[in-house]
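# Working through the structure, step by step
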Amino acid sequence: MNSIRTGEWQKLAVSLAELSLDTTLRCGQSFRWKKLNEDEWTCSLRGRVISLKQDPKQDPNHVLYKVTWPSNSPLTKLSSSGKGVKVEDDSTKDDTEALLRHYFNLEPNLTELYERWSMADPNFKKRAPKFTGVRILKQDAWEALVGFICSSNNNIARISQMVNNLCLSYGPLIGHVHDQPFHDFPTPESLAGPEVESQLRKLGFGYRAKYLARTAVIVSKEKPENWLESLSNTEPFDETEWKTLKPGGRPGYRKSHEELLALQGVGPKVADCVCLMGLGWGESVPVDTHVWQIAQRDYKFGKGKHKSLTKATYDAIGNHFRLLWGEEAGWAHSVLFAADLRTFAIRLTEKTEVQEELQIKAESEDGVIVQATTVVKKREAIREETIKEETTDDLNVVFSTTAKRTRRR
DNA sequence: CAGGTC
DNA sequence: GCTGG
């Protein structure tokens with residue numbers, strides 16, 4: 001019994017291990033979610049504004065969601081958005097829960113996948129515990145395409161700002177939440193006009209303005225209707241096929257990737273991001289600077305044939321991870337990617353401090369000397385880590401900054 | 001320097 | 001080679 005306009009908080013049954021909002025919405029997959037009121041994530045999705053809350057301490061088994069519909073939205077609009085639910089008089093049941101289950105891609109059992117990846121890969125097992133609940137979203141393919149065309153030579157904060165400006169300028173207003181306006185994502189048609197490139201340059205898109213304008217024309221005018229969506233993976237999720245996956249991925253993935261490369265501003269990395277996060281191809285492994293660093297640091301790339309990130313190296317890294325992690329290699333890749341982001345660097349110290357306290361307690365209860373030595377070693381490891389993290393600047397850390405920033409190990 | 005592309 | 005957090 002969801003009310004249409006003044007949404008109340010509803011429960012979505014999904015555990016923290018299956019979905020971490022904080023990690024998933026900040027790891028550079030989607031660029032539109034806004035964190036309001038400290039703990040509330042809000043974004044427009046298919047003609048409505050959705051707010052989400054997750055309180056790990058109070059209820060680790062649910063995500064709370066609230067819907068805000070446009071103030072002038074007739075009830076019939078509910079059933080007009082594709083797979084909407086029938087609307088009957090006042091007892092209105094909207095399709096937002098189904099939308100959320102689809103958007104957050106809740107079908108695969110992430111806990112089982114983490115266990116499998118940990119079994120196959122010691123490095124994953126080492127990095128993943130502080131980054132549980134990272135899911136690959138099923139975003140709208142067009143939105144993913146636009147977002148990742150903006151991502152080249154750019155950072156997540158500015159990508160988010162650019163996408164926000166794009167929605168404010170070209171997307172229809174849906175409504176306000178906490179006095180913030182929320183617009184829908186602009187359609188390809190709305191970005192296909194002749195003045196779009198110059199407008200986008202004024203909005204600070206730089207050379208990406210031309211890419212977006214060209215791509216919008218291609219998608220809306222030169223390709224057949226629904227072309228982008230037709231590149232989606234329609235095969236059912238099958239966790240048993242991972243052992244027989246070809247290194248290069250399934251034929252459908254390879255074809256989609258190749259077709260996307262024809263667009264302006266879309267190279268192999270952007271194409272893989274769209275394949276993975278917009279088209280449902282779980283074996284797609286986008287290789288960017290972070291993944292390249294990870295491949296060199298933890299998987300022995302960067303030597304011999306693969307000394308630099310050429311196309312051959314790019315493909316070799318993807319193939320390696322597909323062999324190692326299987327059909328959902330892109331999901332596992334995203335966990336390690338998140339673990340490499342400076343945005344989350346504080347986690348690499350926070351939880352070890354908790355571990356330290358627990359170890360001290362165990363020590364005082366046992367009083368055994370063997371235990372004490374392990375504690376001392378752990379403390380030293382923490383101190384070493386803390387020194388490396390003190391240059392983190394995006395979390396208002398009050399340490400004084402050192403001259404040079406060393407790459408984290 | 002930042003999730004690359006032409 | 002565009003641009004700003």
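Residues numbered from 1 in each chain as written. Chains lettered and ligands numbered in written order. Predicted model: local features only at pLDDT ≥ 70, side-chain atom pairs only at ≥ 80, totals over all residues. Heavy atoms only, no water.

Taken together, the residues surrounding DNA strand C are Asn 153, Asn 155, Arg 158, Gln 161, Gly 206, Tyr 207 and Arg 208. Take Arg 158: an N or O atom from its side chain is 2.9 Å from a base oxygen of DNA strand C. Taken together, the residues that form the surface near DNA strand C break down as 1 nonpolar, 4 polar and 2 charged. (Near = heavy atom within 4 Å. Polar contact = N/O pair within 3.5 Å; in protein donor to acceptor, adjacent residues only side chain to side chain. Nonpolar A, V, L, I, M, F, W, Y, C, P; charged D, E, K, R; others polar.)

Okay, the domain arrangement of chain A next. In terms of domains, chain A is made up of domain 1 (1–72 + 96–101), domain 2 (108–129 + 280–344) and domain 3 (139–235 + 243–279). The straight-line distance from the C-alpha centre of domain 1 to that of domain 2 is 28 Å. With 7 residues of domain 1 at the contact, the number on the domain 2 side is 10 residues. Around 610 Å² of area is buried between domain 1 and domain 2 when both sides are counted, 53% of it from carbon and sulfur atoms. Sorting the residues of domain 1 by area buried against domain 2 places Glu 18, Arg 26 and Cys 27 first, and these three jointly supply 74% of that buried surface. Connecting domain 1 to domain 2 are 0 salt bridges. The tally of links between domain 1 and domain 2 comes to 2 residue pairs in polar contact (both at pLDDT 80 or more). Among the residues forming the side of domain 1 that touches domain 2, the class breakdown is 2 nonpolar, 2 polar and 3 charged. (Domains from an automatic or database assignment. Contact = heavy atoms within 4.5 Å. Buried area = accessible area lost by both parts, 1.4 Å probe. Salt bridge = Lys/Arg side-chain N within 4 Å of Asp/Glu carboxyl O.)

Another point: the nonpolar core. For soluble globular proteins, nonpolar side chains are generally found buried alongside one another. Membership of the largest hydrophobic core comes to 77 residues, with the highest contact counts inside it found for Phe 124, Trp 142, Leu 145, Leu 260 and Trp 325. Per-element tally for this core: the top contributor is helix H14 (residues 329–340), with 8 residues. Val 14, Trp 41, Tyr 103 and Leu 137 belong to the second largest nonpolar core, which has 21 residues in total. (Core = buried A, V, L, I, M, F, W, Y, C linked by side-chain atoms within 4.5 Å. Buried < 20%, exposed > 50% of the residue type's maximum accessible area, 1.4 Å probe, protein only. Helix = DSSP H or I, 4+ residues; strand = E, 2+ residues; numbered from the N terminus.)

This part covers empty space enclosed by the protein. Taken as a whole and judged by the stated rule, the model has 5 cavities of 30 Å³ or more. For the largest cavity, the calculated volume is near 100 Å³. Every residue lining the largest cavity is listed: Phe 31, Arg 32, Lys 34, Cys 43, Ser 44, Ser 160, Asn 164, Cys 167, Leu 168, Pro 181, Phe 182 and His 183. Looking at the lining of the largest cavity, the elements with two or more residues in it are strand S3 (40–45), helix H7 (156–170) and strand S7 (180–183). Considering each element in turn, the lining of the largest cavity owes the most residues, 4 residues, to H7. Considering only residue class, the lining of the largest cavity consists of 6 nonpolar, 4 polar and 2 charged. (1 Å grid on protein atoms, 1.4 Å probe; cavity = no way out; pocket = protein on both sides within 12 Å on 5 of 7 lines; lining within 4 Å. Points joined across faces, edges and corners; volume = space filled by probe spheres on them.)

Further remarks concern unusual backbone geometry. Here the phi dihedral of Asn 37 falls at roughly 55°; this positive angle occurs in a residue that is not glycine. Its location among the elements puts Asn 37 in the loop between strand S2 (34–36) and S3. Take Asn 37: its relative accessible area is 47%, and that puts it in the partly exposed class. The backbone phi angle of Asn 226 is positive, close to 65°, even though this residue is not glycine. Mapped onto the elements, Asn 226 comes out in the loop between helix H9 (208–222) and helix H10 (251–260).

Bringing the pattern of salt bridges into the picture now. Counted according to the given criterion, the structure contains 16 salt bridges. Between Asp 22 and Arg 26 there is a salt bridge, with the nearest N and O atoms lying 3.0 Å from each other. Note that Asp 22 and Arg 26 are positioned in helix H1 (residues 21–26) at a spacing of 4 residues, about one turn of the helix. Among the residues examined, Asp 22 registers a relative accessible area of 22% and is labelled partly exposed. Classification of Arg 26 by relative accessible area gives partly exposed; the value is 25%. Between Asp 22 and Lys 35 there is a salt bridge whose closest N-O contact spans 3.6 Å.

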